[in-house]
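# Chain and residue survey
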Amino acid sequence: MKKPLARKILEKHIVSGKWESGTEIGIRIDQTLTQDATGTLAYLEFEALGLDQVKTELSVSYVDHNLLQTDFKNADDHRFLQTVALRYGIYFSPPGNGVSHQVHMERFGTPGKTLLGSDSHTSTGGGLGMIAIGAGGLDVAMAMAGELFYFQTPKIFGVRLIGMFPPWVSGKDVILEMLRRHTVKGGLGKIIEYFGPGVKHLSATDRATIANMGAELGATTTIFPSDERAKEFMVRQGRGDQWIHLDADENAHYDEIDEIDLSRLEPLIACPASPDNVKKVSDVEGIPVAQVIIGSSVNSSFRDLMVVCETLEGKKIHPDVSLEINPGSRQVIENVIREGGALSLTHAGARIHQSGCLGCIGMGQSPATGTVSLRTFPRNFPGRSGTENDRVYLCSPETAVAAAIFGKITDPRMLGDYPDIVEPEKFIYNEELIIKPLAIAERKKVEIIRGPNIKPFPNLEPLPAEYEGEILLKVGGNITTDHILSGGNDVLPLRSNIPAISEHVYERVDKAFFKRCKEKGGGIIIGAENYGQGSSREHAALAPRYLGVQIKIAKGFARIHRSNLINFGIVPLLFSDPLDYERLKQGDRLRFPDIRKSIEQGKDEILAMCGNREIKIRLKVTDRERKCLLGGGYLNLVKKDLVR
Ligand code: MIC
């Protein structure tokens, strides 16, 4: 059979299972990345395994999220992460160096390798022909320990690109078009693979934008071929020798196919408050804008910023707009400076921030009450900006800069000549700024420095024989991990302190949740479709578990959150009859009389009682996952194996 590229790379990495729809495969992971907001916990988990060093080809720890230092907590975490990296043989990219996705692509991304990252946007690496997957921190810790990464054999969704971009249209418009067509659930269980004659017209960083936001489709990951454009990028990074040509077989078989004609795309924009609420910019023109942010996790590359610089040359931003620039990396801003772009930015009135994620996860940059903010970020979930009832739109740098100039949403095509951005033959960069692993003999001498906010990983008890609890909360469809546990400057610094962060669980949905959950000693949460979409933050599973939540029932779960639940021993049950979702309400008590035995015996149907009424509930898990659930989580299971 003629195979897609994703399958060819994955088959080279499969160690357990085989390529068969609906079954689990376990793959070898070549590279890992962590960022600080998820990394502290991932390294606490790695430490708990008691190993001496990482077992991957390459592991990198980035500090890019918790950059504001309003007290000791984030700074302490940064030091912890740096010393952990030195201790275990991990590269360390310090604060200010840039966003993990951009820096990894610049310095380490390699076609054909597998990359697992504790950030849902790790998929960015697919822009260079990698299989790059976002996961919970524990899965990444396990990969660092040399364990396999397990997931369901995905379907491969081929997207054929034809034509060429018209002026003022770029990579962001491709992924917004995908979200318009397929919604935030459209990629569940799938890898999105782009192919066809249009691919060669996309630069590596345009591809990275599309791959990054494949996470918003719910996809397992996204991949592009490794062709001349990927090579060009790697040569400019001084890494041409690491490039290899990789492509799908000719006439490869895809499980599903769609086609996008790039020449017919026009500027698009995702309206509040979901990345799939996509409209044509021309249809929402005229809405006054108070803030424009360009950069962060996506659209923060040299090309993205230079389009903005050149458009702004000789112009001034609108007096009602705060234009903010979050460069993807130090390398990006250095090259923009060399080309003279930074001067156009500052002279036009832009505020240049340090390289990092910042406002993308609510770490500063919150918009003013009742105002519109246009961002080139990947997500606009409600309240994620840190401002209640925020109105955040997602768009390309082209659309963003047009709004900054005119003070209202404006179709960028009216800006006239489209700047022709020529990338430097060789980017300037300073390799010394990423701290390399120490020689093996030196590692043991490193003392890991822990601040007072860094608390040990909590102990999780095995699943009891029977479980009874109250429905503590009933939520609707597409609930994000931001709803379950928000980001922002108040909560993010608690990521290494589970007891403290657990006080914030579901606070944005129901302020009384924590108190109720504490009083009842835990219980059950009920959700609808695509429960737990969005961020990979495993805290959204571990913190409720710490409060005693041991069962979640939904119509469907998002991939990463589902794995995180299992990793921490929360049973992810599915409604067999959607009417039961309608019938059950907050405050109902549910009893699972023989839940442990049913899971041990490999049963798919789990008996649940609401008073005298039986509720039809299913459990769709693999044998490995059953063991995790029974033992109180993945860490307990692996620790036991290591001891043995
Ligand atoms: C996100 O876009 O939500 C983040 C910030 O990248 C998160 C990481 C986190 O919650 O720490 C993600 O997507 O994994």
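Residues numbered from 1 in each chain as written. Predicted model: local features only at pLDDT ≥ 70, side-chain atom pairs only at ≥ 80, totals over all residues. Heavy atoms only, no water.

### Quick look at the site of the ligand
How we decide: Being near a molecule or strand, for a residue, comes down to having at least one heavy atom within 4 Å of it. For the purposes of these results, a polar contact is taken to be a pair of N or O atoms within 3.5 Å, where, inside protein, one atom must be able to donate a hydrogen and its partner to accept one; residues adjacent in sequence count only when each atom of the pair is a side-chain atom. Throughout, the Shrake-Rupley method with a 1.4 Å probe supplies accessible areas, and for residues the shown protein chains are the sole cover considered.
The local shell around the ligand holds 14 residues, among which Ser120, Arg379, Arg384, Ser535 and Ser536 are the closest. Side-chain polar atom of Ser535 to an oxygen atom of the ligand: 2.7 Å apart, as the coordinates give it. The contact in question runs from an oxygen atom of the ligand to an N or O atom on the side chain of Arg537, over 2.8 Å. The protein chains hide 98% of the 340 Å² of surface that the ligand would expose on its own.

### A word on the side chain of Glu398
This is how it is decided: Secondary structure elements are taken from DSSP: a helix is a run of H or I of four residues or more, a strand is a run of E of two residues or more, and numbering for both begins at the N terminus. The contact definition used throughout considers only heavy atoms, calling two residues in contact when any of these lie within 4.5 Å.
One can find Glu398 in helix 12 (residues 397-406). In this structure, Glu398 is in contact with Trp168, Ser170, Arg303, Val307, Pro412, Leu415 and Tyr418, ignoring residues within four places of it in sequence.

### Some remarks on the sheet that holds strand 1 (residues 14-16)
As a reminder of what qualifies: DSSP bridges decide pairing: two strands pair if at least two such bridges lie between them. Lines fitted to C-alpha atoms define the axes, with helix axes restricted to the stretch in contact, and inter-axis angles between N-to-C directions lie between 0 and 180 degrees.
As summarised here, the arrangement of the three strands in space is 1-2-8, forming an open sheet in which the pairing is antiparallel. Because the sheet does not close on itself, it has two edges, and the strands there are strand 1 and strand 8 (149-152). Averaged over neighbouring strand pairs, the angle between their axes works out to 45 degrees when direction is ignored. Across two bridges, the pairing between strand 1 and strand 2 (residues 24-27) is antiparallel. Bridged to Ser16 within strand 2 is Gly26. The strands touched by helix 1 (residues 5-13) are strand 1, strand 2 and strand 8; relative to strand 1, the strand with the most contacts, the crossing angle is about 50 degrees.

### Points about the pairing of strand 24 (residues 589-592)
Definition in use: When accessible area is computed with a 1.4 Å probe and restricted to protein chains, residues below 20% of their type maximum are described as buried, those above 50% as exposed, and intermediate ones as partly exposed.
Because side chains alternate across strand 24, one face comprises the buried residues Leu590 and Phe592, and the other comprises Arg589 and Arg591, none of which is buried. Two elements, strand 20 (residues 467-474) and strand 24, share four bridges in a ladder whose sense is antiparallel. When the bridges of strand 24 are listed, Glu468 appears paired with Arg591.

### Some remarks on helix 17 (residues 513-520)
As a reminder, the rule being used: To obtain the arc, one takes the directions from the helix axis to the C-beta atoms.
Among all positions of helix 17, only Phe513, Arg516 and Cys517 are buried. Taken around the axis of helix 17, the buried residues stretch over an arc of 95 degrees, which confines them to a single face. Exposed residues lying more than 90 degrees from the buried face of helix 17 are Lys515, Lys518 and Glu519. For helix 17, the secondary structure elements touched by its buried residues are strand 20 and strand 21 (524-526). Gly521 sits one or two residues past helix 17 and shows a positive phi near 65 degrees.

### A look at the sheet that holds strand 10 (residues 190-195)
What the four strands build is an open sheet, ordered 11-10-9-12; its pairing is parallel. Because the sheet does not close on itself, it has two edges, and the strands there are strand 11 (221-223) and strand 12 (256-261). Neighbour-to-neighbour, the strand axes of the sheet open up by a mean angle of 20 degrees, direction not taken into account. Note that strand 10 and strand 11 share three bridges and pair parallel.

### As for the pattern of salt bridges
Put simply, the rule reads: Basic side-chain nitrogens of Lys or Arg form a salt bridge, by our definition, when they fall within 4 Å of a carboxyl oxygen of Asp or Glu.
Summed over the entire model, instances satisfying the criterion amount to 45 salt bridges. Close ionic contact of Arg624 with Glu24 constitutes a salt bridge, the shortest N to O distance being 3.3 Å. Taken as a pair, Arg624 in helix 22 (residues 623-631) and Glu24 in strand 2 lie far apart in primary sequence, 600 residues in all. Given the relative accessible area of 17%, Glu24 is considered buried. Glu177 is the partner of Arg180 in a salt bridge, and the nearest nitrogen-oxygen pair spans 2.9 Å. Here Arg180 pairs with Glu177, and both are found in helix 6 (residues 171-182), just three residues apart, close to one helical turn. Judged by relative accessible area, which is 43%, Arg180 ranks as partly exposed. Classification of Glu177 by relative accessible area gives buried; the value is 7%. Linked through salt bridges whose partners overlap, the residues forming this network are Glu24, Arg562, Arg624 and Glu625.

### Quick notes on the pairing of strand 22 (residues 551-554)
Selection rule: Look down the strands so they point away from you; if the path from the first strand over the helix to the second goes clockwise, the crossover is right-handed.
Residues Ile551 and Ile553 line one face of strand 22 and the alternating positions Lys552 and Ala554 line the opposite face, and both faces are buried. Alignment of strand 21 against strand 22, held across three bridges, turns out to be parallel. Of the residues in strand 22, the one forming a bridge with Ile524 is Ile551. Between strand 21 and its parallel partner strand 22, the chain crosses via helix 18 (residues 539-546), and the hand of that crossover is right-handed. One ladder, built from four bridges, connects strand 22 with strand 23 (residues 571-575); its direction is parallel. In the strand pairing of strand 23, Lys552 is matched with Pro572. For the segment spanning strand 22, helix 19 (residues 559-567) and strand 23, crossover handedness is right-handed.

### Details of the nonpolar core
We count it as follows: We call a set of buried residues a nonpolar core when its members are Ala, Val, Leu, Ile, Met, Phe, Trp, Tyr or Cys and they connect through side-chain atoms within 4.5 Å of each other.
Tyr506 and Phe592 are the most contacted members of the largest nonpolar core, which has 111 residues in total. With six residues, helix 5 (residues 137-144) is the single largest residue contributor to this core. Discounting chain neighbours no more than four positions away, the residues touching Tyr506 are Leu473, Val475, Ile479, His483, Ile484, Phe513, Ile525 and Tyr531.

### Here's the deal with the packing of helix 6 against helix 7 (residues 204-212)
The line we're drawing: The labels follow the angle: roughly parallel below 35 degrees, roughly antiparallel above 145, roughly perpendicular from 65 to 115, and oblique for the rest. Less than a right angle of anticlockwise turn of the near helix away from the far helix marks a crossing as left-handed, whereas a clockwise turn marks it as right-handed.
Following both chains from N to C, one finds helix 6 and helix 7 inclined at 25 degrees, their axes separated by 8 Å at the closest point. Considering the angle they form, helix 6 stands roughly parallel to helix 7. Between helix 6 and helix 7 the crossing geometry is right-handed. Facing helix 6, whose interface residues are Gly171, Lys172, Val174 and Ile175, helix 7 presents Asp206, Thr209 and Ile210.

### Quick word on helix 18
Summarising burial for helix 18: seven of the eight residues are buried, a large majority. Among all positions in helix 18, only His539, Ala540, Ala541, Leu542, Ala543, Pro544 and Arg545 are buried. After helix 18 finishes, the residue Gly548 shows a positive phi value of roughly 105 degrees.

### Some details on the packing of helix 9 (residues 302-312) against helix 11 (residues 341-348)
Two quantities define a packed helix pair, namely the angle between the helix axes and the distance between the axes. Formally: Under the scheme applied, nonpolar residues are Ala, Val, Leu, Ile, Met, Phe, Trp, Tyr, Cys and Pro; charged residues are Asp, Glu, Lys and Arg; polar residues are all the others, including Gly.
Here helix 9 crosses helix 11 at 60 degrees, and the two axes come no closer than 8 Å. By the angle between their directions, the pair helix 9 and helix 11 is classed as oblique. When the axes of helix 9 and helix 11 are compared, the crossing they make is left-handed. Across from Met306, Val308, Cys309 and Leu312 in helix 9, the residues of helix 11 making contact are Gly341, Ser344, Leu345 and Ala348. Residues belonging to the contact of helix 9 with helix 11 are distributed by class as follows: six nonpolar, two polar and no charged.

### Re the environment of Pro111
By the secondary structure assignment, Pro111 is in the loop between helix 4 (100-107) and strand 6 (114-117). Residues Pro111 and Gly125, spaced 14 residues apart in sequence, show a C-alpha to C-alpha distance of 8.7 Å. Setting aside chain neighbours within four positions, we find Pro111 in contact with Leu128, Gly129, Met130, Ser226, Met234, Gln242, Trp243, Ile244 and Leu246.

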